[in-house]
Structure formats: C-alpha cells, structure tokens
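Remarks on the overall topology
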Amino acid sequence: MSPGRDLPGRDLPGRDLRGPALGAAAWCGALLVLAVPVMGAVAFVGTALVAGGWLAWRTPTLRTTLLAWVLVACATAGSAALHTEHSAAGPVPALAERRAAVEVLLVVTSDPVPLVQRFGGGVRFEATLREVRRSGGGARLRAAVLVVADESWAEVDLGSRVRTAGRLRPADDPAKAAVLLPGGSPRQVAGPGAVWQAAAALRAGVREAVAGRGAPQRDLVPALVDGDDVGLPAQVKAEFATAGLTHLTAVSGTNLTLVVGFLLLVGRTLGVRGRWQVVLAVAGIVGFVLVARTEPSVVRAAAMGSVALLGFGSGGRDRGPRALGLAVLALLLVQPWLALQAGFALSVLATAGILLIAPSWTRALARWMPEWLAAALAVPAAAQLTCTPVVAAISGQVSLVAVVANLLAEPFVAPATVAGLLGGVLELVWHPLGAACGWVAAGCAAAIIEVAHVTAGLATPALDWGAGPVALTLLTLLCVVGGLLTGPLLARRGPTLAFSAALVAVMLVPQPTPGWPPDGWVMAMCDVGQGDALLLASGDGSAVVVDAGPDPALIDGCLDRLGVRRVPLVVLTHFHADHVDGLPGVYAGRQVGAVEVTGLGDPPERVEVVQRLAAGRARVPAYRETRRVGEVTLQVLGPVPGVVQRGSAADGGSGPNNASVVMVAEVHGVRILLSGDVEPEAQRVLERTLPGLRVDVLKVPHHGSRHQETDWLTSLGARLALVSVGAGNGYGHPAPELVTALAAAGMDVRRTDLDGDVLVVARPGGGIAVATH
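This write-up is about the structure you can find in this document. (Residues numbered from 1 in each chain as written. Predicted model: local features only at pLDDT ≥ 70, side-chain atom pairs only at ≥ 80, totals over all residues. Heavy atoms only, no water.)

1. Regarding the overall build of the protein
Filter applied, for reference: Secondary structure elements follow DSSP: runs of H or I of four or more residues count as helices, runs of E of two or more count as strands, with numbering from the N terminus. Within these notes, the globule rule equals 2.2 Å times the number of residues to the 0.38 power, and the radius of gyration is based on C-alpha atoms. For each residue, the accessible area found with a 1.4 Å probe, counting protein chains only, is set against the maximum for its type, and the residue is called buried under 20%, exposed over 50%, and partly exposed in between. By definition, residues are in contact when any of their heavy atoms lie within 4.5 Å. A 1.4 Å probe and the Shrake-Rupley method give the accessible areas. Residues count as covered only by the protein chains that appear here. Positive charges come from Lys and Arg, negative ones from Asp and Glu, while His and the chain ends are left out of the count. The atom standing in for a charge is NZ when the residue is Lys, CZ when it is Arg, CG when it is Asp and CD when it is Glu.
Within the protein, the secondary structure is distributed over 27 helices and 23 strands. Computed over the C-alpha atoms, the radius of gyration of the protein is 29 Å, within 12% of the 28 Å expected from 2.2 N^0.38 for a compact globule of 773 residues. A principal-axis box enclosing the C-alpha atoms of the protein has dimensions of 85 × 75 × 65 Å. With 773 residues in all, the protein has 48% of them scored as buried. Across the protein, every contact between residues at least 6 apart in sequence was considered, and the portion connecting residues at least 24 apart equals 69%. A total of about 34,200 Å² of accessible surface is found on the protein, and carbon and sulfur atoms cover 62% of it. Looking at the protein, you have 60 positive and 58 negative side-chain charges, and the mean spots of the two groups are 8 Å apart.

Shown next, in the form of structure tokens:
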C-alpha cells in the first residue's frame, strides 16, 4: 500500500468535524430549553462551562472553537425560549384554558388529513389564527393552532382564508397555541394564491398521470414525487415500515435529491453552466418545497437533501459536513421544535452517515467489487447504522432487511420519481404524454412494492430489541463500535461475505422460541394493546383470525410467534379502529382466504379499506350460519336480525358495537364465546335468544367495560375469561367490579395488559390450561 493511500474506513478521525460539532452544539442548546428541567439544564451548563474552560486553558487552539459552540448553543436556546414564550403568550392560550367559544378568521397552512377516531371520521390540519372574536370584543393576532373538524372540512384548500365558529382547547404540542374544534362547516373568505394553485395543479397532474394504472402502484407514485400518500393502502405502509422503506413514502431528502438532480441534468443538457446552475438548483428546491407543502418536515427534508447534493458534488468531502452543521443551526434557529422530533433526528443522522461514513465504506468495498455496487451498498448501510438507535427507540426493533430492501428498490426509485414528476408536468399540457410517463412511473412503483412485500415477509425481518435506556445505550455503543470497525472488515472479501451469509441466514430462518407455542393450543388472545385480536388454531401453521387489533405490526408479530403462515378465514366483528386497523399485518407475507364482516358498514372509511384488502370479496355471514374451517367449527349467533340495538351513551357506545358479529367456536372440544364489543342491550337480546348457553372460554365483551349484563356473563359456566385490553388505557378497562364478579363465578380472568399473549391449551384428557408469553 502506498503511503499516500487512505486506509479503508479509518479516515474519519482526519475529517474536519467542526461543522457537525457546530450542529450538535445547536441541537443541545435547543434541547436544554425544550426538554430538560430547569435544574438539570443549569447543572449541564455549569459542567459544560467548567469542562470547556479547562480545555481552553490546556489547549489554546480550541478557544475559538469552544467559543463558537457556546455562542451557537446560546443562540438556539434563545430561539427556543422566544418561541416557547410566543406560543404561551397572547389571548389564545388563555381562551383555550377556559374552553372558550370563539369566532375566528384562520389561514390554512397544511392539507387536511383523515383523522382516525374511535367511532367515526373527520380531518385535522394546521392553521394560523389571524383574528379572534368573542362577545366582549375581538383581536387581530398570529397564533398557530391545530384544527380538528368534521368531514365538511376535508376539501379546504391550503392557503385559503376561512371564517368559522368553534371552541378552543389546550394543545399538547408546545408549538401550538391551542386546538380549535369548529362547530360547523367552513366559510371561505379568500381562496389560495396563484403559487398555491399552481402547486395544487401539479400535484393533481401527478395523480391524473397514473390514474389509469392499477392500485396500489398508482397511489405510491405521488408519494414518491411529493409525499402525497393519500390512498396508499395500510398494508403497503406496514410492509414499507417493516422493510425500512418508509422514507420513500414521506417527503425526505431522497425526493429532493432526485428531483433537483434531474433538473440540473436537464439544465446541463440545455447548456446551463456556472452560477446559473446554482440559480436553477435554488429554483428547484423552492419549487419542490411549494409542491410538497411548506411544513417543517418538508423544509427539513429540503435542507438535508440540499446538504446531500453538496456532499456528492465536487469538493463534497469538506463542504458536505460543514453544510450539515450550518443546516442544523439554521433549521433550529427558525424552528427550534424540530429538536424534539424523531423525524428530524433520523434525517440529520442519515445525512451524517452518508457524508461521514459512506465514502470510506465505498472505498473499502471497491477493493474487490465494482465501485457503483460498492456505493449502492455503502450509502444505505451507513444511513441505517447511524439511524438504528433512534429507530429502536421508536419501534423497539432493529431492522435486518432495510439495507437489502433499499438496495433492491434503489434501481426503481429514481425512474419512478422522475417519470412521475414529468407525467405531472406533461399532464397539464397533453394527457397522452402525461399518461405515458405515468405508465413508466407506475411500473417502477409496482417493483418497489414487490420488494417491500417480499422482504417484509421474510422469517426474521427485524430483531426485537427494546426501547429502554439500558437497551438503547448498549445499542448506541454497538453502533459506534460497528462504525469504527466495519470499514477495515469491508475491505476483506472473505469476512464480508461470511458476515453477509450469516445475516441472510438469520433473516430466512425463523427465530426459535423454545416452548412457544405449546402443543395443543386451540385459541390465542394476542397482546395488541387497546383492541381485539384472537386466533383459533385450524391446522398446522394455520389459524382463523377474529379481529386484527389497532396496529398491523402487533398482530403480525403475534402470528409470527405462533408460526401462522395461512389464514383461511378472517372475521371482523365490527369496523372500529381497535378491531380492523391491524388487518394489513394479517396479510403481511401470508396466504389469506375469506373475509367475513358485520352487516353495519360504519364507519365507512374503514369498510373501504377492508374491502380493498379483501379485493372486494368481504361477505356478511348469515344469522345461525354454521361452518367448519379446518379444525374450527363456527356458528354465528349475532347480531340477531330485526332487533334494533342502540349503544350505551354512558360508555360512549354505538350501533357498531351492538352490531358485532357474535360466534361460538369449538376447537378440539373447547367451546369459546366470541362476543366482539356487544353492550348490555345486545347482551340482553342474546340472553333471550340463547337460553342455557354454556361455554368453556368467554371472550369478555368490550374490553371489560363496566357496562355489562354481568348476571348473563356469569351464567355461561365459563372456566376462563379473557380480557383484551391495553395497559394504562384511558377508559378504565377492565372495570374492577366486573373482574371481581367473573372471578367470584369461578372464572380464571386473564388480561393482555398483565399477561401478554394468552393461549388456551386443550389437555389430552379433557379440560383446558393457560399459557402466557
């Protein structure tokens, strides 16, 4: 090796890290004000000043650098303090504390997005209050609020001015002065300006260009171009999250890098050179922000994408890290709340990994493979390494498939994004040209979706790690050590291939769970938080799913732990979020057969999602219908036709609860009552129509709500009562008096918030046992 050649993976200590250090100082300054208690902040500042003073005394060359760090930290801390004071000042927070009724003039600052509510729909969006009126007078002001409204607000345009009346509520987000709950439909005073209208036209053009293609690829293309993921199925989102491809469906630096990079390539082809290229790039960045919306997450993505473009350009080795530090400083001065957001941390850390680690890893791999392949592997791997602790803090998992999935998807991302953007522009000129580009974009999007589907369906796409302080500290140390040692390892073909083969084996071979599931299990109550997800063992590797819980990842994990790869039947007792939103997790990497649902399609937006996943074949089972699915026999007992059953107002109940599909299941001689969320009204109907009903296992209705026909439940003769409930839920579930009554009737009461996954096991000689995990 020649003396002048860089050692692979060992050039980081020689890099100029003053830029990233400046950004870290800015971050610390904002966090001291926004996240650290006053005494803790004082102690930290005192310690930092003492340590800095000692270093400056011992190392005079560091004095200027340390002074710069202190000034930067003070600047972002001051900005955070001013923003905090501004949010808490003025009349709006005081009116929100009093839950005051007001009439307001507001400017819409974000697109309305569907609001997931327990018993219905609605939208939420951000706005700026410009005028507030009460009976005692009014005031002109400028206050950021979150608006939570009904469906009549779904079509309000970004940038429009709207008058409405409603009530103010305190906001949990410190960046917001209040939450506004409008009491009626919007009254538009002025429409959006020309710039917003042009941006909306381009977004609509992208959608029109792919409208003739099939779902879900036609829904992915707008997400790739401008972050517009409305309509993207929940199943696809779940698979992208598991595969580590979520950054493709949100506005990220990747989007901007591809769009502006393409714009610069076109400009160079047309003869644009020198400073005009800078002007073109700036225009592209501004245009991208306008089309993708000027929300903090979009501005952050634009800043990080611009830093990445600098890093990939000439002189990027030095300019990129300096630009990263300055970008962090500028963003936190303008929006100090970003310091608290996981998305900001992920964006900054990914960019740092790409700029500081990926180049040396690329050189190491390029010693024994083509340089283009080395870069394709090193860039996602470096970004994934630096983001791993934050991802684990959010999900409790460490992804194994993210690098492979990004490598496989990478060849299709740029064509899909660029063709989608061209399709949107040409759609405004002539539809056939736009549709032709849309055809290319949709084809590439279909390939990305297939990559996500296959990698998410591997036996072990991620490792459960935990999100506690000890686990995260250990993981951070492992990532730091890995970052230092991986470069020299990658320069050697043998160890790299051996490690890669071992990683592939881990992903393909299911993790062993000794003793789980126990032999003879007939039913599982999955721990999915505040929701229902039940499994009935129908054969080897097969189970009937009754409800899917609120989270696709949780039901997917439960099915994986039990080795279920085939689901011949899914029954959704009703369409509330805590029973159906996890359905994409059932489909993740599994064969799914029939889907049966309640006859009451409320709320309709979830009916649409279920029908989309079921390819329009979801059916309503007939009353008293009996069917056998493998080793499971099911009989439908409710809802009883022709009986109107209203919900209990005291428990926030509703018709959908009482329209739950109620069944008796029998598996290997064990009889189970599956009761959905039926409330006292429906329970009384069941008591009248099913005299003498006896079961071995009772799935307690409505998560153990205190509103029950307790006498009927205790008369069923069950030996085991199962309560699917989330820890620390705000509903008081399960009611202590109900648990006491069930136990007094001789039932063994098991709860997911205390026991985790609960399995019912049929004993060979008769009877049942319980196993928990």
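2. Section: the pairing of strand S11 (residues 534–539)
This is how the line gets drawn: When DSSP finds two or more bridges between a pair of strands, those strands are recorded as paired.
With five of its six residues buried, S11 lies for the most part within the structure. Two strands pair when backbone bridges link them, and strand S10 (residues 521–525) and S11 are joined in this way by three bridges, in the antiparallel orientation. Bridge assignment links Met523 to a residue of S11, and that residue is Leu536. As judged from the five bridges shared by S11 and strand S12 (residues 542–546), these two strands associate in the antiparallel manner. What sits directly across from Leu534, in S12, is Val546. Adjacent in sequence and paired antiparallel, S11 and S12 are bridged by two residues, among which Gly541 carries a positive phi angle near 70°.

3. With respect to the nonpolar core
For clarity, the cut-off: In these notes, a set of buried Ala, Val, Leu, Ile, Met, Phe, Trp, Tyr and Cys residues joined through side-chain atoms within 4.5 Å is what counts as a nonpolar core.
Counting residues in each nonpolar core, the largest one holds 44 residues, and the members touching the most others are Leu324, Leu332, Phe344 and Trp361. If we skip the residues at most four places from it in the chain, Trp361 touches Ala378, Ala381, Ala382, Leu385, Gly482, Gly483, Thr486, Gly487 and Leu490. Listed in part, the 41 residues of the second largest apolar core include Val225, Leu248, Ala281 and Ala301.

4. Points about the sheet that holds strand S13 (residues 566–572)
Across a sheet, paired strands are connected by hydrogen bonds in the backbone, their directions being either parallel or antiparallel. Definition in use: Think of each axis as a best-fit line through the C-alpha atoms, taken over the contacting stretch in the case of a helix, with angles from 0 to 180 degrees between the N-to-C directions.
As summarised here, the arrangement of the seven strands in space is S14-S13-S12-S11-S10-S22-S23, forming an open sheet in which the pairing is mixed. One side of each edge strand has no neighbouring strand; the edge strands of this open sheet are strand S14 (591–597) and strand S23 (768–772). Averaged over all adjacent pairs, the angle separating strand axes in this sheet is 20°, with direction ignored. Taken together, the four bridges between S10 and strand S22 (residues 758–762) define a ladder with antiparallel strand orientation. What sits directly across from Ala524, in S22, is Leu759.

5. Some remarks on the layout of surface pockets
Keep this limit in mind: Using protein atoms alone on a 1 Å grid, points that fit a 1.4 Å probe yet trap it form a cavity, whereas open point sets bounded by protein on both sides within 12 Å along at least five of seven lines form a pocket; residues with an atom within 4 Å of a point count as lining. Grid points are joined across faces, edges and corners, and a volume is the space filled by probe spheres set on the points. The nonpolar class holds Ala, Val, Leu, Ile, Met, Phe, Trp, Tyr, Cys and Pro. Asp, Glu, Lys and Arg form the charged class, and all remaining residues, Gly among them, are polar.
Its boundaries defined by the atoms lining it, the second largest pocket holds a volume of some 1,100 Å³. If you go around the second largest pocket, you meet 34 residues; those closest to its centre are Ala381, Val403, Thr486, Phe499 and Leu503. Looking at the lining of the second largest pocket, the elements with two or more residues in it are helix H13 (358–365), helix H14 (371–395), strand S8 (397–399), helix H15 (402–427), helix H17 (469–490) and helix H18 (493–508). Counting residues per element, the lining of the second largest pocket draws most heavily on H18, at eight residues. Residue composition of the lining of the second largest pocket, by class: 27 nonpolar, seven polar and no charged.

6. Quick word on the state of the cysteines
Our working rule: Put simply, a disulfide is two cysteine sulfurs that come within 2.5 Å.
What the rule picks out here adds up to one disulfide. Between the sulfur of Cys526 and that of Cys558 lies a disulfide, 2.1 Å long from S to S. For the disulfide bridge between Cys526 and Cys558, the dihedral angle about the S-S bond is near -70°, and by the sign convention the bridge is left-handed. On the criterion of sequence distance, the pair formed by Cys526 in the loop between S10 and S11 and Cys558 in helix H19 (residues 552–561) is long-range, its members being 32 residues apart. Exposure class is identical for Cys526 and Cys558. Each is buried. In this structure Cys28 is not part of a disulfide, and its nearest cysteine sulfur, from Cys74, lies 12 Å away. The exposure class assigned to Cys74 is partly exposed, which follows from its relative accessible area of 48%.

7. Notes on the packing of helix H8 (residues 253–269) against helix H9 (residues 275–292)
Keep this limit in mind: By definition, turning the near helix anticlockwise from the far helix through less than a right angle yields a left-handed crossing, and turning it clockwise yields a right-handed one.
Direction vectors running N to C along H8 and H9 enclose 140°, while the axes themselves pass 9 Å from each other. As for how H8 packs across H9, the hand of that crossing is right-handed. Here Asn255, Leu256, Val259, Val260, Leu263, Leu264, Gly267 and Arg268 of H8 come into contact with H9, specifically with Gln277, Leu280, Ala281, Gly284, Ile285 and Phe288. By residue class, the composition of the contact of H8 with H9 is nine nonpolar, four polar and one charged.

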